[in-house]
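Architecture and fold: a report
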Amino acid sequence: MTTRGLLGLVASGCGGVETWFRTGLAEPAVQRGWQLAIMLTPAVVPWFEEADELDALQALSDFPIRWEPRMPSQPKPHPMPDAFVFAPASSNSVAKLALGIGDNQALSALNEAIGVESCKVVVMPQANADKRRHPMWETHVTTLTGAGVAVVTDVAPGRLLDLLDT
Ligand SMILES: Cc1cc2nc3c(=O)[nH]c(=O)nc-3n(C[C@H](O)[C@H](O)[C@H](O)COP(=O)(O)O)c2cc1C
């Protein structure tokens, strides 16, 4: 199969992610011909570990799943992805991304991708009404949208991949 390119696939600490991220998003992406660079926020790693998901997830990618920064002496483990899907994106990570905060490896990579015209970035926040009531929530979403990020809600994980083709 010809590859569509390298897809940065990012997950953060949102309820249920460990049950659907692989089967609902990572595997369909591979089936569509994407090569994966998988990145997790440090907060969500134990969830995938407890669900015994990490090995199966790793098997979908030639590159090591990342959640820690590399050492200065280490080369970058993968090239800059051609596109990113960040799903699910917690309210915490959405806020940090909108502010340009890159205090973990995944956010650092996403921050660098935003503004690169050739790199499509799709973000699917998963935040309940209590979190969206925060006075800065709409500003964060508007900031990201204004920077060219496709911020989508109520979209099935598989459908997120369709957005990369538009
Ligand atoms: C079981 C559980 C489920 C959670 N679900 C969500 C969620 O769906 N959306 C959200 O914004 N935060 C959720 N949180 C809170 C985040 O995990 C928390 O804010 C965390 O700091 C997010 O870190 P991250 O953005 O670096 O992954 C949940 C926390 C727990 C313990």
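These numbers were taken from a predicted model, which means no experiment stands behind them. (Residues numbered from 1 in each chain as written. Predicted model: local features only at pLDDT ≥ 70, side-chain atom pairs only at ≥ 80, totals over all residues. Heavy atoms only, no water.)

**What to know about the packing of helix α4 (residues 91-99) against helix α5 (residues 105-113)**
- Between α4 and α5, whose axes approach to 10 Å, the crossing angle comes to 45°. Overall, the two elements α4 and α5 adopt an arrangement that is oblique. Crossing of α4 over α5 shows right-handed handedness. Of the residues in α5, those in contact with Ser93, Lys96 and Leu97 of α4 are Leu107, Leu110 and Asn111.
- Residues that form the contact of α4 with α5 fall into these classes: 3 nonpolar, 2 polar and 1 charged. (Axes fitted to C-alpha atoms, helices over the stretch in contact; angles between N-to-C directions. Helix = DSSP H or I, 4+ residues; strand = E, 2+ residues; numbered from the N terminus. Parallel < 35°, antiparallel > 145°, perpendicular 65-115°, else oblique. Left-handed = near helix turned anticlockwise from the far one by under 90°. Contact = heavy atoms within 4.5 Å. Nonpolar A, V, L, I, M, F, W, Y, C, P; charged D, E, K, R; others polar.)

**Notes on the site of the ligand**
- Within the structure, the ligand sits among 13 residues, and Gly13, Thr41, Ser90, Ser93 and Gln126 are positioned closest to it.
- Here Gly15 contributes a backbone N or O atom positioned 2.9 Å from a nitrogen atom of the ligand.
- Take Gln126: an N or O atom from its main chain is 2.7 Å from a nitrogen atom of the ligand.
- Within the complex, the protein chains bury 62% of what would otherwise be the 640 Å² of accessible surface of the ligand.
- By residue number, the principal contributor to the shell around the ligand is α4, which donates 3 residues. (Near = heavy atom within 4 Å. Polar contact = N/O pair within 3.5 Å; in protein donor to acceptor, adjacent residues only side chain to side chain. Areas by Shrake-Rupley, 256 points an atom, 1.4 Å probe, with all protein chains shown as cover.)

**Details of the packing of aromatic side chains**
- Scanning all chains against the criterion turns up 2 aromatic pairs.
- Considering the side-chain rings of Trp20 and Phe21, the 6.5 Å spacing of their centres and the 55° angle between planes classify their relative orientation as tilted. Per residue, the accessibility class of Trp20 equals that of Phe21, and both read buried.
- Classification of Phe21 as buried rests on a relative accessible area of 0%.
- An aromatic cluster of at least three residues, connected via ring pairs, comprises Trp20, Phe21 and Phe48. (Phe/Tyr/Trp six-rings, centres within 6.5 Å; stacked < 30°, edge-to-face > 60°. Buried < 20%, exposed > 50% of the residue type's maximum accessible area, 1.4 Å probe, protein only.)

**Describing α5**
- Among the residues of α5, those classed as buried are Gln105, Ala106, Leu107, Ala109, Leu110 and Ala113.
- Buried residues in α5 make contact with β1 (5-11), β2 (34-40), β3 (83-89), α4 and β4 (120-125).
- The N-capping residue of α5, defined by a side-chain oxygen 3.2 Å from the backbone nitrogen of Ala106, is Asn104.
- Two residues or fewer after α5 comes Gly115, characterised by a positive phi angle close to 100°.

**Comments concerning helix α7 (residues 137-146)**
- Taken together, the buried positions of α7 are Trp137, His140, Val141 and Leu144. Looking straight down α7, one finds that the buried residues subtend no more than 95° of arc, so they occupy a single side. Residues of α7 that are exposed and point more than 90 degrees away from the buried face comprise Glu138, Thr142 and Gly146.
- Buried residues along α7 sit in contact with α4, β4, α6 (129-132) and β5 (150-151).
- Taken from the residues just after α7, Gly148 is the one with a positive phi, measuring 95°. (Arc of directions from axis to C-beta.)

**A closer look at the sheet that holds β4**
- Spatial strand order, β2-β1-β3-β4-β5: 5 strands in an open sheet with parallel pairing. A strand with exactly one partner marks an edge of an open sheet, and here the two such strands are β2 and β5.
- For β1 and β2, the ladder comprises 7 bridges, and the chain directions are parallel. Bridge pairing in β2 places Gly8 opposite Ala37.
- Against the sheet, α4 makes contact with β3 and β4, and its axis sits at roughly 140° relative to β3, the strand it touches most. (Pairing = 2+ DSSP bridges.)

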